[in-house]
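Structure assessment
Each chain, letter by letter, is given below.
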Amino acid sequence: MKYAVLLPVAAGVTADPAWIGPYVRHAEACGFESVGAVEHAVVASSYSSVYPYDASGRMELADDLDIPDPLDLLAFLAGQTSRIGLATGVLVLPNHHPVVLAKRLATIDALSGGRLRLVVGMGWMREEIEACGADFDSRGRRGNEQLEVLRKLWADTAPSGASHDGEFFRFKGAMSYPKPVQPGGVPIHVGGHTKAAARRAGRYGDGLQPLGVAGDELRSLVALMREEAERNGRDPDALELTLGHSLSVVTPEKAERLGALGAGRLVLRGAPTKDLNEAMDELSACAERLGLA
């Protein structure tokens, strides 16, 4: 089992270099596999969209909370560390033009020595996505095409370059360098709770990171991902499953039960404290409980 740490955005500390740098270096020293950074390009002060992961329909983050750009944050952390993986969790794909995004992701992967993992979602906040210039209702189709564009631009297509003629994006002879260090490009995992997310992971992704689902619903999504992979001539056994848990209560026994469902990675959420020593102690205690190096 791989153990990742979700950066504590709710504490309002992830844009503080004096806080987040030591925290991630400590996570690396504790033996955690990776850290994950969330995204909201903007948060509407009076959004009417329904947050799907809480019964209130409202996300737990304050509207005016510091939420740094995840790719800029991960690039900063790449320079602060040497081994720990760097992941988004999740990147709101409709907010980004895929040609520019392909370059940004490849750059981080190259400069970090191949440590980047991309976790994408289609987003739930209409106001945010429309503010970024994308149509909310067609974001699923657009997202599928965005993933195709990323793969094309990361592939070795020299000397003619990459070309694409789709519904949303068109280019010809595009040369995008540097390429990601990792063979096949940056791993792409799909986050979400819908059947569309599971199918997207099976067709385009390297894994699924379901949010807010468990039991039979989780098993159904995993089965759907595997079926879609087979339907598209891909190996379903090569796809990863990432689930969530808490830093403070996860145990080897709980991890083993989640592993039996197919999970190969747990993303662990810590307490939203501004006290750096308290946050690092939580990492240390968890690492000791799990027997990490």
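An account of the accompanying structure is given in this report. (Residues numbered from 1 in each chain as written. Predicted model: local features only at pLDDT ≥ 70, side-chain atom pairs only at ≥ 80, totals over all residues. Heavy atoms only, no water.)

Attention now moves to unusual backbone geometry. Backbone torsion omega between alanine 158 and proline 159 reads 5°, so that peptide bond is classified as cis. If you trace the backbone, proline 159 turns up in the loop between helix H5 (139–154) and strand E6 (162–165). Cis geometry marks the peptide bond from tyrosine 177 to proline 178; its omega dihedral reads 5°. Residue placement: proline 178 occurs in the loop between strand E7 (170–174) and strand E8 (188–192). (Helix = DSSP H or I, 4+ residues; strand = E, 2+ residues; numbered from the N terminus.)

This next bit is on the nonpolar core. Among the nonpolar cores identified, the biggest contains 73 residues, and Leu7, Tyr23, Phe32, Leu105, Leu150 and Leu268 are the most heavily contacted of them. For this core, the element with the most residues is helix H9 (residues 276–290), which contributes seven residues. If we skip the residues at most four places from it in the chain, tyrosine 23 touches Val5, Leu7, Pro8, Leu247, Leu276, Ala279, Met280 and Leu283. Within the second largest apolar cluster, 14 residues are counted, among which are Val38, Ile67, Trp124 and Met125. (Core = buried A, V, L, I, M, F, W, Y, C linked by side-chain atoms within 4.5 Å. Buried < 20%, exposed > 50% of the residue type's maximum accessible area, 1.4 Å probe, protein only. Contact = heavy atoms within 4.5 Å.)

As used here, a disulfide is simply a covalent bond connecting the sulfur atoms of two cysteines. In the structure shown here, the tally under the stated rule is zero disulfides. You can see cysteine 286 has no disulfide; the closest cysteine sulfur is in cysteine 30, sitting 8.8 Å from it. The exposure class of cysteine 286 is buried, given its relative accessible area of 0%. (Disulfide = S-S within 2.5 Å.)

The next point concerns the packing of aromatic side chains. Applying the stated criterion across every chain yields a total of five aromatic pairs. Taken together, a centroid distance of 5.5 Å and an interplanar angle of 80° make the contact between tyrosine 51 and tyrosine 53 edge-to-face. Look at tyrosine 51 and you get buried, because its relative accessible area is 13%. Classification of tyrosine 53 as partly exposed rests on a relative accessible area of 29%. One Lys or Arg, arginine 139, reaches over the ring of phenylalanine 136 and ends 3.8 Å from the middle of that ring. A cation over a ring is seen here: lysine 179 above tyrosine 177, with NZ or CZ 4.5 Å from the ring centre. (Phe/Tyr/Trp six-rings, centres within 6.5 Å; stacked < 30°, edge-to-face > 60°. Lys NZ or Arg CZ within 6 Å of the ring centre and 35° of its normal.)

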